[in-house]
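These are the residues of each chain, in order.
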Amino acid sequence: MVNESGDIHQLGKDLGYLPYMIDRYITIFGEEETKELLQFNETKLPKTIRLNSLKNPPEETEKLLRKKQVVMERVKNLPEARRIIKSPIPIGASEEYLNGYYTLQGENSFYPTQILNPKEEDLVADLAAAPGGKTSHLAQLMKNNGTIIATEISTNRCRSLKSNLARMGVENTITINMDANDISLLDLKFDKILLDAPCSGSGIIISDPSRKSTKTSDDLLNYHELQVSLLTNAIDVLKPQGEIVYSTCSLEPEENELVITKILDSKPVKIEEIGVFGENGLLKFQNYNFNPEVVKAKHLYPHKSCGEGFFIVKMVKQK
Amino acid sequence: MIMNDFTFRRASNSENELVKKHIQEKFGSKTIQIFSHKQIWIKEGRIKEVFLVREKLENILDKLSEWIYSMGIPIGSLCEDMFQLEIEGSYLILPYTSNIIKVKTNQFLYGKPIFVENVDSFTSDFNKGDHLIIIGNNDIHYGVGKAEIGAREANSAQPNTILVKGLQNKPLDRGWYLRKGN
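Residues numbered from 1 in each chain as written. Chains lettered and ligands numbered in written order. Predicted model: local features only at pLDDT ≥ 70, side-chain atom pairs only at ≥ 80, totals over all residues. Heavy atoms only, no water.

Chemist: Explain the sheet that holds strand β6 (residues 82-85) of chain B here, please?
Modeler: What holds strands together in a sheet is hydrogen bonding between their backbones, with the strands either parallel or antiparallel. All names here are of chain B. The five strands are arranged β1-β2-β3-β5-β6 in an open sheet whose pairing can be described as antiparallel. In this open sheet, the two strands that pair with only one neighbour each are β1 (8-10) and β6. Taking the axes of each pair of neighbouring strands and ignoring which way they run, one obtains an average angle of 35 degrees across the sheet. Where strand β2 (residues 38-43) and strand β3 (residues 48-54) come together, six bridges link them in antiparallel fashion. What sits directly across from Ile 42, in β3, is Val 50. Relative to β6, helix α1 (residues 13-27) is tilted by about 55 degrees, and along the sheet it contacts β1, β2, β3, β5 (73-79) and β6. (Pairing = 2+ DSSP bridges. Helix = DSSP H or I, 4+ residues; strand = E, 2+ residues; numbered from the N terminus. Axes fitted to C-alpha atoms, helices over the stretch in contact; angles between N-to-C directions. Contact = heavy atoms within 4.5 Å.)

Chemist: Before we go on, may I ask you to explain the packing of aromatic side chains in this structure?
Modeler: The geometry of an aromatic ring pair is captured by two quantities: the separation of the ring centres and the angle between the planes. All names here are of chain A. Using the criterion set out here, one finds nine aromatic pairs over all chains in the structure. Plain terms: the ring middles of Tyr 25 and Phe 29 are 6.3 Å apart, the flat faces sit at 50 degrees to each other, and that makes the pair tilted. Separated by four residues within a single helix, Tyr 25 and Phe 29 lie in helix α2 (residues 19-29), roughly one turn from each other. Taking the relative accessible area as the measure of exposure, Tyr 25 reaches 1% and is therefore buried. When the ring of Tyr 246 is compared with that of Phe 311, the centres are 6.5 Å apart and the planes differ by 70 degrees; the resulting orientation is edge-to-face. With Tyr 246 in strand β9 (residues 238-248) and Phe 311 in strand β15 (residues 310-317), this pair connects stretches of sequence that are 65 residues apart. For the pair Tyr 246 and Phe 311, one class covers both residues: buried. In this structure, Arg 167 packs its charged tip against the face of Tyr 97, placed 4.1 Å from the ring centre. (Phe/Tyr/Trp six-rings, centres within 6.5 Å; stacked < 30°, edge-to-face > 60°. Buried < 20%, exposed > 50% of the residue type's maximum accessible area, 1.4 Å probe, protein only. Lys NZ or Arg CZ within 6 Å of the ring centre and 35° of its normal.)

Chemist: Hey, could you run me through the pattern of salt bridges in this one?
Modeler: When the charged atoms of two side chains lie near each other, side chains of opposite charge can form a pair. Taken as a whole and judged by the stated rule, the model has 34 salt bridges over all chains. Between Glu254(A) and Arg24(A) there is a salt bridge; the shortest N-O distance is 2.5 Å. In this pair, Glu254(A) is assigned in the loop between β9 and α10 (257-266) and Arg24(A) in helix α2, connecting sequence segments 230 residues apart. Residue class for Arg24(A) comes out buried when judged on its relative accessible area of 4%. In this structure, Asp62(B) and Arg10(B) form a salt bridge, with 2.8 Å as the shortest nitrogen-oxygen distance. Within this pair, whereas Asp62(B) is found in helix α2 (residues 58-64), its partner Arg10(B) is found in strand β1, the two being separated by 52 residues in sequence. For Asp62(B), a relative accessible area of 43% gives the class partly exposed. Overall, Arg10(B) belongs to the partly exposed group, its relative accessible area being 36%. (Salt bridge = Lys/Arg side-chain N within 4 Å of Asp/Glu carboxyl O.)

Chemist: Would you mind showing me how to read the interface of chain A and chain B here?
Modeler: A common way to report how large an interface is uses the accessible area buried once the components associate. Listed as interface residues are 42 residues of chain A and, on the opposing side, 34 residues of chain B. Interface area, chain A with chain B, both sides summed: about 3,400 Å², of which 59% is carbon and sulfur. At the boundary of chain A and chain B, one finds four salt bridges. Ionic pairing is found between Glu88(B) and Lys55(A), a salt bridge with its closest N-O pair at 3.4 Å. (Buried area = accessible area lost by both parts, 1.4 Å probe.)

Chemist: Which parts of the structure should I look at to understand the domain arrangement of chain A?
Modeler: Taken domain by domain, chain A consists of domain 1 (4-40), domain 2 (48-104) and domain 3 (107-317). Placing a centre on the C-alpha atoms of domain 1 of chain A and another on those of domain 2 of chain A gives a separation of 36 Å. (Domains from an automatic or database assignment.)

Chemist: Can you help me understand helix α3 (residues 31-41) of chain A in this one?
Modeler: Structural remark: α-helix, 3.6 residues per turn; residues separated by three or four positions point the same way. All buried positions along α3(A) are accounted for by Glu33(A), Thr34(A), Leu37(A), Leu38(A), Phe40(A) and Asn41(A). Viewed along the axis of α3(A), the buried residues span an arc of 165 degrees, placing them on a single side of the element. (Arc of directions from axis to C-beta.)

Below, the structure is given as structure tokens:
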């Protein structure tokens, strides 16, 4: 007789996952919930847009879209977001989109910027910023005041970053083609930093199914090293009492809790509670024991938040 | 570590004058208002990119000039002392100019020319070769193009006459963001 776990492994194989991924999801979620996660990843997310007040008053944009028979609804806790229920026009290619009146943005990806909560006078760094969805959200929250330094290592991706920021009417941002590990070379101290780190992307399989099979367990450790390095260098350029939000779209503890545990051991930062729904950070995974403070971090798991998976933690630098 | 191949610098007096003069000559004197509390910065290259930057960013820019990829709003380009207004530059001057053509269809967004039959209205007495801002329904910005015939001729032209074309070297319609922007 095939046990439940066997069924899940078969399901994972049928859906194209590498076997190690299923094993670890069973460890984190248990068998039933792993099945829910895999099934959720086979569904389609509704499109969500962010109304961009830098280019057009949001109520005006809503009117324009309703005139074109676009049906949308508000999203709880996200004032700038509208979930698209029905649209007879291509929502990612409309005239309003091309004018930057709104942009497409996954619901859960609003949270890292919202939690960072930049003020109008702040000097903010957005590390690994392309394609610029979060950068333009930061600029919107800052009402185009203050200054954002947006770094991006890839010259090609800098091009799309520049183009998206121009379309969205972002005026307060300087984009820099550099490895964020070298951020100290700029000789600046930041009030706030957003590090939405490069990651394995296991939280966004619903939008990018190729992630089921392209990242090995060794890749997770490589990402881990990169993330620790980026976060370490970011904290070094944060002002005392400055705030940093670290986020990934990965479900993997090596890229999340293990990174934060290492940082808490080596850097003068404290985790702050964030008022967001979601599951607390894990205390244990396989052979790893994490710093008890990481329970203050949040996981937005895809099947539980009905969106793309995110891990989010906010830290404050101590004097 | 990646160093910039290009240098960012403040526009020289002559470049400042050239850009402002071009915009005012082509689109009217009120367009000078787009430069209020802003500075022009140049990214060096064979074709120089022209950016409009908030004065408040200036302190930090001096410190970072060797690192910058882009900043503020890209408004156009300079090549051999000729300024070319681009998409976002034309968006900024839209409230201050009367060189506007309102169209009934959106083919301009696909890099296509505008025919007389597709024009809803125009608000100035333009001549052949003038630069015109194109808007669609609800006055939404489409881009900038060049008049193939003058306004007087347009009033009596055949419906299939081309009134406005995009520019050959670089299409300046918002559809560019989908075709090339990402």
